[in-house]
Amino acid sequence: MRLNEYQTKQLFDRFGIPVPQGRVASNSREVGQIAEELGGQVVLKAQVLVHGRGRLGGILIARSAYEAEQKAMSILGMVLKGFPVHKVLVDELIPFSRQYYIAIETDHHRGIPRLNAYTIVNVNNGNGNGHQKEDLFEQYIDPLFGLNEFQIRDIAIHLELPREHWTQFQEALEGLWKVYWEYDGIAVEMNPLVISDTDGLIALDGSVELDDKALFRHIQVAEMRDFISETPLQNEARKFGFNFIPLSGNIGTISNGAGLAMATVDAIQYHNGGPANYLDAGACRTPEKVALALRLTLADPNVKVILMNFFGGISDCATVAHGILQLTEQQTLPVPIILRVMGEGADEARLLLAQSDVKVFVKFDESIHETIQTANRLEQVRVE
């Protein structure tokens, strides 16, 4: 789960990370009132979960309350990468001299947190925000000990941070670690953390991504989820415990387990196919859950064929077959389904589907090639 910028700054402030004064507004009149309270010179930021808001016109500077109100009208209601803007963050405008990127994220290869830091340069280079990564500094964090003071000093030295800001820098990084650790973070970042002209270090922007599987431990944060900035299919999938990510291809995928789902998507891309989604259905112990996963995938009009890749263990492959048959009894499937099964119940699944239109495979590579060929054939027919 990702948080909007204004929500991120609420967490930052709670853990002692300095952030600009500001509030979120949902109409231009509110924007003008907030801007007046902040002295008139403000930054307006569209609150949607997309990258590159500035380049898309979603971040504007205003020099007066009136100008802020006028510019808010152009931001509110605009659509950024498919998502409508309903809220604007109004932050005080802060002049600064130097800026840095600081992030703590889970290194999935090593299985431990990693801190990344570098100095941001060449911001106004004509190509949007630019930064220099030659000075990228990486520091792994032992979860048993947390972020140590000597590690923070190493980062400050590497970034050539002026000595007078070291104490504030330590407090900011310790706060960033607490956000990551206490809320089961996947990635948290201050981008940028700047040296302001008057108040020392301030995190002008930031982002927080949390582990969905751990949100039951953080009910108040879970309630901050922005459903508007997620697709309707993602919101629908979450109701049933599916992990769903929309992609841009024409091959729907359904698998049981994150690793198998990722391998399926990767294999399709490797062989020049186009996955339409990543769907980890988890433990499908009932046919109804299998049918729900299929309905969800079929809701995407771009899907031309569906590849279901299941390994029998927690989920019995025969249950998957029953789910497919249950859906075919209720409706005519608009696209072909290809099933690859191994493990418990695989033989029974093949027998159950022997008289159906579903093509069943044992070998992974064969199922991938058949799926891509089917998608290409159907796409060619559509074009003709």
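Before reading further, recall that the structure is shown in the block above.
Residues numbered from 1 in each chain as written. Predicted model: local features only at pLDDT ≥ 70, side-chain atom pairs only at ≥ 80, totals over all residues. Heavy atoms only, no water.

### Overview of the overall build of the protein
- Looking only at helices and strands, the protein features 12 helices and 18 strands.
- Counting every position in the protein, which comprises 384 residues, the buried fraction comes to 48%.
- Counting every atom, the protein has about 18900 Å² of accessible surface; 50% of that belongs to carbon and sulfur.
- The average position of the 34 basic charges and that of the 49 acidic charges among the side chains of the protein differ by 3 Å. (Helix = DSSP H or I, 4+ residues; strand = E, 2+ residues; numbered from the N terminus. Buried < 20%, exposed > 50% of the residue type's maximum accessible area, 1.4 Å probe, protein only. Areas by Shrake-Rupley, 256 points an atom, 1.4 Å probe, with all protein chains shown as cover. Lys, Arg positive; Asp, Glu negative; His and termini not counted. Charge placed at Lys NZ, Arg CZ, Asp CG, Glu CD.)

### Quick look at the packing of helix 9 (residues 287-298) against helix 10 (residues 317-330)
- Running from amino to carboxyl end, helix 9 crosses helix 10 at an angle of 60°, the nearest separation of the two axes being 7 Å. Comparing the axis directions of helix 9 and helix 10 gives the class oblique. Along this stretch, helix 9 crosses helix 10, giving a crossing that reads as right-handed. In this structure, helix 9 contributes P287, E288, V290, A291, L294, R295 and L298 to the contact, and helix 10 contributes T319, V320, H322, G323, I324, Q326, L327 and Q330. (Axes fitted to C-alpha atoms, helices over the stretch in contact; angles between N-to-C directions. Parallel < 35°, antiparallel > 145°, perpendicular 65-115°, else oblique. Left-handed = near helix turned anticlockwise from the far one by under 90°. Contact = heavy atoms within 4.5 Å.)

### Focus on unusual backbone geometry
- Put simply, N191 and P192 share a cis peptide bond, and its omega is 10°.
- Considering the arrangement of structural elements, one finds P192 in strand 10 (residues 185-196).
- Phi angles above zero are rare outside glycine, and D184 is one such case at about 55°.
- For D184, the position within the fold is in the loop between helix 5 (166-182) and strand 10.
- Phi at N272 is positive, roughly 65°, even though this residue is not glycine.
- Looking at the secondary structure, you find N272 in the loop between helix 8 (258-270) and strand 15 (277-280).
- Given the relative accessible area of 71%, N272 is considered exposed.

### Structural notes on the sheet that holds strand 3 (residues 59-62)
- The strand order 1-6-2-3 describes an open sheet built from 4 strands, whose pairing is antiparallel. Unpaired on one side and paired on the other, strand 1 (22-25) and strand 3 mark the two borders of the sheet. Going from strand to strand, the sheet's axes swing by 20° on average, the running direction of each strand aside.
- For strand 1 and strand 6 (residues 88-92), the ladder comprises 4 bridges, and the chain directions are antiparallel. When the sheet's bridge partners are listed, G22 is paired in strand 6 with D91. (Pairing = 2+ DSSP bridges.)

### Description of the environment of G111
- Position of G111 among the secondary structure elements: in the loop between strand 7 (96-107) and strand 8 (112-120).
- Taking relative accessible area as the criterion, G111 reaches 56% and is therefore assigned exposed.
- Taking the C-alpha atoms as reference points, G111 and K359, 248 residues apart in sequence, are found 38 Å from one another.

### A few points about the side chain of E5
- On the secondary structure map, E5 appears in helix 1 (residues 5-14).
- For E5, a relative accessible area of 4% corresponds to the buried category.
- Not counting residues up to four positions away in its chain, the partners in contact with E5 are K45, Q47, R53, L89, D91, L204, D205 and G206.

### Details of the packing of aromatic side chains
- Scanning all chains against the criterion turns up 4 aromatic pairs.
- Taking 4.7 Å as the distance between ring centres and 15° as the angle between the ring planes, the aromatic pair formed by Y101 and Y118 counts as stacked. Of this pair, Y101 sits in strand 7 while Y118 sits in strand 8, and the two are 17 residues apart along the sequence. Taken as a pair, Y101 and Y118 share a single burial class, namely buried.
- Measuring from centroid to centroid gives 5.4 Å for W177 and W181, while their planes differ by 15°, and the two rings are stacked. Placement of the pair is W177 and W181 together in helix 5, with a separation of 4 residues, close to one helical turn.
- Looking at W177, the relative accessible area reads 10%, which means it is buried.
- Judged by its relative accessible area of 44%, W181 falls in the partly exposed class.
- Here the aromatic residues W177, Y180 and W181 are joined through ring pairs into a cluster of three or more.
- Across the ring face of Y140, the terminal group of R110 is positioned such that the distance to the ring centre comes to 4.1 Å. (Phe/Tyr/Trp six-rings, centres within 6.5 Å; stacked < 30°, edge-to-face > 60°. Lys NZ or Arg CZ within 6 Å of the ring centre and 35° of its normal.)

### What to know about the nonpolar core
- Counting 40 residues, the largest nonpolar core has F12, I102, L115, F169, L173 and M190 as the members making the most contacts within it.
- Among the secondary structure elements, those contributing two or more residues to this core are helix 1, strand 7, strand 8, helix 4 (149-158), helix 5, strand 10, strand 11 (200-203) and strand 12 (206-210).
- With 8 residues, helix 5 is the largest single contributor of residues to this core.
- Look past the residues within four positions of I102 in its chain and what remains in contact with it is L115, N116, A117, L159, F169, L173, L176, V188, E189, M190 and L193. (Core = buried A, V, L, I, M, F, W, Y, C linked by side-chain atoms within 4.5 Å.)

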